Amino acid sequence: MAAFMAIGFTSCEKENFNTDTNVTVTPPTINIPGLPESYKPGDAVVSIQPSVNALINGEISNVTAAATIKFGDVEKKNYVITGQTINAQDITISVSYTANVDGFEKVLEATDVVSVPALEAGMVAIITPTIWLSINAEGYSFHKVGEAEIGSVEKKNVITNPTNYWYTDYTAELPYVVEGSYVVNKEILAGYENDEDVVKVLDLYAKGLSTELKYDTLTVDDITVYANSLTIIPFSQVKVSTDYEVIKEMTWSRSTEVKTVAKFTVEQYGALKFDANEIKYNVNLEGEGHGHGHGHGHGHGHGGNDNAGGSIVDAL
C-alpha cells in the first residue's frame, strides 16, 4: 500500500538568507481520535485501541461495538494516556460478549494484558490488540505455543520541497493497521493426515483467523518543511507472529487423552510507534547531509505551492 500525504500549508515565506537568527521548530500536533482536552502538543501519548473478534463454529465476526471492554475497572472502548512522560506499565483488558449459539445465549469472556512502554515527550504508541473469543469445535481446541515472535516494519514519510519557500503547518498522515490477521502456514501432524475431522477443524480455525486488514491514520500537524530540502518522518509498526497448536481430546471410559494433531501460525500487526524527536528536518534533496536553509530566519506569510509534496516509503 502506498499513500500520499494530505497537504495543509497556509503559512509560508521565502527563505531569508541574510540573517543569522536561529529557528526553533515547534512540536508538531498529534491527532488521535479520543485524545482528552488535557493533551498538549509535544506530550507523550499512548492510545490502546482493541478490537474483539468472535470465532463461533468457523464463522468470525467483529463484535467490538457490542462487547463490554474494561481497562482494569474502567469500561471504555479505547484507553488513552497522555503526559510529559509515561511510565512503563501493564494494563489488563477484560472482554465479555453475549453470543447466540444454536438458539441459546452464551457469555464469552477473555482477558489480555497490554504492556505500555515508557515514553518521553513527543513519543506516541498506538497499541491495537486483537482479542479473540471462541467456541471451540466439539472435541477440539487451539492454544498458543510459547512466546510470540516480535518484529517491526520500518517506514518513513518523505516530504519534498524543491521551492524557495518553507512551510510551518504541513500535515502528514501515517497509516497503520488497526485490525486483521492471517495464517501464514498450517500443518497436520504425522498420523492425522487422513483424519477428515482434523482436516476440517484446521481449515475452520485457519479460515476464522484470516481476516481482512483494516487501516487507520495517525495525523501529525504543524510540521516544518524548509526550502529546497526534505523533511523525513520515520515511524514503524510492530509485527507479531504467534504459533498455535490444535488439540484433540479423546475421552475413554476412565480417562481423557489429549493430543496435538495440527499446528498453524498467525501473523498480525501490533503497536504503531512514532517519535516526533526523530523527525529529520532540512535534509538535502539527495537525501543526505543538510538542506539549504537550516538555521536561517524567516517571516510569516500565507499561501501554498503545488511543488511541495510527500509520500510513504516502505508502507505496509
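Note that the structure is predicted; figures quoted are calculated from it, not measured.

**Q** With reference to specific residues and values, describe the overall build of the chain.
**A** A count of helical and extended segments in the chain gives one helix and 19 strands. Across the 316 residues in the chain, those meeting the buried criterion constitute 47%. Across the chain, contacts joining residues at least 24 apart in sequence account for 80% of those joining residues at least 6 apart. About 16300 Å² of surface is accessible on the chain, with carbon and sulfur atoms providing 46% of the total.

**Q** Explain the pattern of salt bridges residue by residue, including any values.
**A** A full pass over the atoms with the stated rule returns five salt bridges. Residue Glu267 is joined to Lys239 by a salt bridge in which the shortest nitrogen-to-oxygen separation is 3.6 Å. In this pair, Glu267 is assigned in strand β17 (residues 256-275) and Lys239 in strand β16 (residues 229-251), connecting sequence segments 28 residues apart. A salt bridge links Glu257 to Lys259, with the nearest nitrogen and oxygen atoms 3.4 Å apart.

**Q** How would you explain the packing of aromatic side chains if you had to name every residue and give the values?
**A** Per the stated rule, a full pass over the model turns up six aromatic pairs. Both rings, one in Phe142 and one in Tyr244, keep their centres 5.6 Å apart while their planes meet at 75 degrees; by these two values the pair is edge-to-face. Taken together, the residues Phe142 in strand β13 (residues 140-161) and Tyr244 in strand β16 connect sequence positions 102 residues apart. Taken as a pair, Phe142 and Tyr244 share a single burial class, namely buried. Linked through ring pairs, Phe142, Tyr205, Tyr244 and Phe264 together constitute an aromatic cluster.

**Q** Please give an account of the nonpolar core that cites residues and values.
**A** The biggest cluster of nonpolar side chains holds 31 residues, and the ones touching the most others in it are Val46, Ile48, Ile93, Val95 and Leu133. Secondary structure elements with two or more residues in this core: β3 (44-48), β4 (51-56), β6 (68-71), β9 (89-101), β10 (104-116), β11 (123-127), β12 (130-135) and β16. Looking at this core element by element, the count peaks at six residues for β9. If near-sequence neighbours (up to four positions away) are discounted, Ile48 is found in contact with Phe71, Lys77, Asn78, Tyr79, Ile91, Ile93, Val114, Val116, Ile127 and Pro129.

**Q** Hey, could you go over the sheet that holds β9 for me, with residue numbers and the actual values?
**A** Taking strand neighbours across the sheet as the criterion, the four strands line up as β7-β6-β9-β10 in an open arrangement whose pairing is antiparallel. A strand with exactly one partner marks an edge of an open sheet, and here the two such strands are β7 (74-75) and β10. Direction of pairing for β6 relative to β7: antiparallel, over a ladder of two bridges. Along β7, the bridge assignment pairs Phe71 with Val74.

**Q** Tell me what's going on with helix α1 (residues 196-208), and back it up with residues and numbers.
**A** Under the 1.5 Å per step criterion, the end-to-end length of α1 is 18 Å for 13 residues, consistent within 8% with the ideal 18 Å. Taken together, the buried positions of α1 are occupied by Val198, Val201, Leu202, Tyr205, Ala206 and Gly208. The N-cap of α1, judged by a side-chain oxygen 3.0 Å from the amide nitrogen of Asp197 a few residues on, is Asp195.

**Q** Can you lay out the sheet that holds strand β5 (residues 59-62) for me, pointing to particular residues and giving the numbers?
**A** Strand order in the open sheet made by the three strands is β5-β4-β12, with mixed pairing throughout. One side of each edge strand has no neighbouring strand; the edge strands of this open sheet are β5 and β12. Ignoring strand direction, the axes of neighbouring strands in this sheet form an average angle of 20 degrees. Relative to β5, β4 runs antiparallel, the two sharing four bridges. Within β5, the residue paired with Asn53 across the bridge is Asn62.

About the cut-offs
- Residues numbered from 1 in each chain as written.
- Predicted model: local features only at pLDDT ≥ 70, side-chain atom pairs only at ≥ 80, totals over all residues.
- Heavy atoms only, no water.
- Helix = DSSP H or I, 4+ residues; strand = E, 2+ residues; numbered from the N terminus.
- Buried < 20%, exposed > 50% of the residue type's maximum accessible area, 1.4 Å probe, protein only.
- Contact = heavy atoms within 4.5 Å.
- Areas by Shrake-Rupley, 256 points an atom, 1.4 Å probe, with all protein chains shown as cover.
- Salt bridge = Lys/Arg side-chain N within 4 Å of Asp/Glu carboxyl O.
- Phe/Tyr/Trp six-rings, centres within 6.5 Å; stacked < 30°, edge-to-face > 60°.
- Core = buried A, V, L, I, M, F, W, Y, C linked by side-chain atoms within 4.5 Å.
- Pairing = 2+ DSSP bridges.
- Expected span 1.5 Å × (residues − 1).
- Polar contact = N/O pair within 3.5 Å; in protein donor to acceptor, adjacent residues only side chain to side chain.
- Axes fitted to C-alpha atoms, helices over the stretch in contact; angles between N-to-C directions.

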